[in-house]
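Close look at the chain arrangement
Residue strings, one per chain:
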Amino acid sequence: RLARPSATWRSTSTSRSDLQVLLARWSAAVAQMMAGGTIGQVEPERPDAVGFDTGEALGLDPAGLTVTVGLGPKVFTDTYGLSAARPALMRELKPLPSDAFDPRFTGGDLSLQACADDPQVTYHAIRDLARIAKQTGTAATRWSVLGFGRASAGKGQSTPRNLLGFKDGTRNLKADADIDAFVWVKNGPAWQQQGTYQVVRKIGMHIENWDTDRVSDQNAVFGRHKVSGAPLTGTDEFDPPYFDKVEAAGAPVIPATAHIRLAAHENNEGVSILRRSYNYTDGFNDVGQLDAGLLFLSYQKDPAHFEQLQTKLGASDALNEYIRHIGSGIFFVPPAPAEGHYIAEGMFA
């Protein structure tokens, strides 16, 4: 799955009706594009005209396109007269040990994530949705990331790898019962139920430093074998990690600072989150090093679950020597609207 998540947008209008119109128009456009259509006719003389499609996806099928829309904390304030509609747990994330934010990649009032098997389809989706926002005068892009790779392993597929070469998402939530327990919101008004909280983090990687380290050290950082993906206490990727197993000298086989030990639900009071992560690269920086990393998105019924995990990881994870959290945002993702309705319609009732 290829993604071009335009991670956050800033609002440029304080009109409640403008926001409502934008969400309605986005909903209609997304439905048309997911069905393989354009959002209007192609107008050669006026490609920027309202209601017309830009045309770069003509002749392409939808390639499994999906679009996820998130609402940031500012939406649920008196700015739009929507403070009473705020989801119960919506708030800014608390400061975390790993934070090293660049203001250019932080915050936002709306989020869009487009995913498809064809990067041109994702580009077209974000381009046309951005154009709608500009035409309505409601929102402008704050920061965006072009991600690539599969977010998770599907049926019959191997687990995808991050840019450090390790399998990413081996223990991710997969069973419907687990996703139901840890991801979906069950209370509040009807328009919020089966929604979720989305956390977005742009994580830069020190690729060159990582490449100089021995694979045995890399294995210890993650707590897994790089090639097979197996925990250091096992032989198969999906073997359960045994955190109490020790070497002859008494040291734990999976080090105390290993990523999988600190993130494991067994060591976090059972807390789990749904991860949807994509690799990204912005080429090379001005000193010739790769500007690359992970666009990390997590979905959970309570943002405190992400904070609980990241507090431990940010303080003790051996991986912190090679990564930095440079961007962040939090959003509420409403459930998909029924046919004939639009995203978060009930919020305006």
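Per chain, the residues get numbers from 1 upward, laid out in the order the sequence is written. At least 70 in pLDDT is required for a residue's local features to be given in this predicted model, at least 80 for side-chain atom pairs to be given and counted, and no such filter applies to totals for whole chains, interfaces and linings, which use all residues. Excluded from the side-chain calculation are hydrogens and water; included are all heavy atoms of the structure.

What to know about the pattern of salt bridges
Every case where a carboxyl oxygen of Asp or Glu lies within 4 Å of a side-chain nitrogen of Lys or Arg is listed as a salt bridge. Under the definition given, this model contains eleven salt bridges. Across the salt bridge formed by Glu-266 and Arg-171, the nearest N and O atoms sit 2.8 Å from each other. A residue pair is termed long-range when its members are at least 10 positions apart, and Glu-266 in the loop between helix 6 (259–263) and strand 8 (274–284) and Arg-171 in the loop between strand 6 (147–148) and helix 3 (176–182) qualify at 95 residues. Burial classes: relative accessible area under 20% of the type maximum marks a residue as buried, over 50% as exposed, and values in between as partly exposed (1.4 Å probe, protein chains only). The class for Arg-171 is partly exposed, based on a relative accessible area of 36%. The closest approach of N and O atoms between Asp-180 and Lys-186, which form a salt bridge, is 3.1 Å. Asp-180 gets classed as partly exposed once you look at its relative accessible area, which sits at 33%. A run of H or I in DSSP counts as a helix once it spans at least four residues, and a run of E counts as a strand once it spans at least two, with each numbered from the N terminus.

Description of helix 7 (residues 303–316)
One less than the number of residues in a helix, times 1.5 Å, gives the span that helix is expected to have. The end-to-end C-alpha distance of helix 7 is 20 Å, a good match for the 20 Å that 14 residues give at a rise of 1.5 Å each. Restricting attention to buried positions, one finds in helix 7 the residues Pro-303, His-305, Phe-306, Glu-307, Leu-309, Gln-310, Leu-313 and Gly-314. The contact rule is simple, with two residues in contact once any of their heavy atoms fall within 4.5 Å. Next to the buried residues of helix 7 lie strand 7 (196–205), helix 6, strand 9 (290–300) and strand 10 (323–333). Throughout this description, a polar contact denotes any pair of N or O atoms lying within 3.5 Å of each other; where both atoms belong to protein, one of them has to be capable of donating a hydrogen while the other can accept it, and for residues adjacent in sequence the pair is counted only when both atoms sit in side chains. Measuring from the backbone nitrogen of Ala-304 back to the side-chain oxygen at the start of helix 7 gives 2.9 Å, which picks out Asp-302 as the cap.

A short note on the pairing of strand 8
Whether two strands pair depends on DSSP finding at least two bridges between them. Of the strand pairs in this sheet, strand 6 and strand 8 are connected by two bridges, and their pairing is antiparallel. Bridging from a neighbouring strand, Phe-148 pairs with Asn-279 of strand 8. In this sheet, strand 9 lies alongside strand 8 in antiparallel orientation, the contact comprising nine bridges. Across the sheet, residue Ser-277 finds its bridge partner in strand 9, namely Phe-296. Counting the residues between successive antiparallel strands, the hairpin from strand 8 to strand 9 contains five residues, one of them, Gly-288, with a positive phi of roughly 80°.

Focus on the packing of aromatic side chains
Each Phe, Tyr or Trp ring, with Trp reduced to its six-membered ring, pairs with another whose centre is within 6.5 Å; inter-plane angles below 30 degrees give stacked pairs, above 60 give edge-to-face pairs, and intermediate values give tilted ones. Counting across every chain of the model gives ten aromatic pairs. Between Phe-166 and Trp-210, the aromatic rings sit 6.0 Å apart at their centres with planes inclined by 70°, giving edge-to-face as the arrangement. Taken together, the residues span a long stretch of sequence, with Phe-166 in the loop between strand 6 and helix 3 and Trp-210 in helix 4 (residues 207–211) at a distance of 44 residues. This pair shows no difference in class: Phe-166 is buried, exactly as Trp-210 is. Both rings, one in Trp-210 and one in Tyr-322, keep their centres 4.9 Å apart while their planes meet at 85°; by these two values the pair is edge-to-face.

Looking at unusual backbone geometry
Positive phi, close to 55°, is recorded for Ala-63, a residue that is not glycine. Here Ala-63 is to be found in the loop between helix 1 (16–34) and strand 3 (66–71). Even without glycine at this site, Glu-269 takes up a positive phi of about 55°. With respect to the helices and strands, Glu-269 occurs in the loop between helix 6 and strand 8. Residue classification places Glu-269 among the exposed positions, given a relative accessible area of 74%.

Here we look at the pairing of strand 9
In terms of residue burial, strand 9 counts as a mostly covered element, since nine of its eleven residues are buried. Here strand 7 runs beside strand 9; their pairing, made up of eight bridges, is antiparallel. Within strand 9, the residue paired with Val-199 across the bridge is Ser-298.

Purely spatial values, then, with no claim about function.
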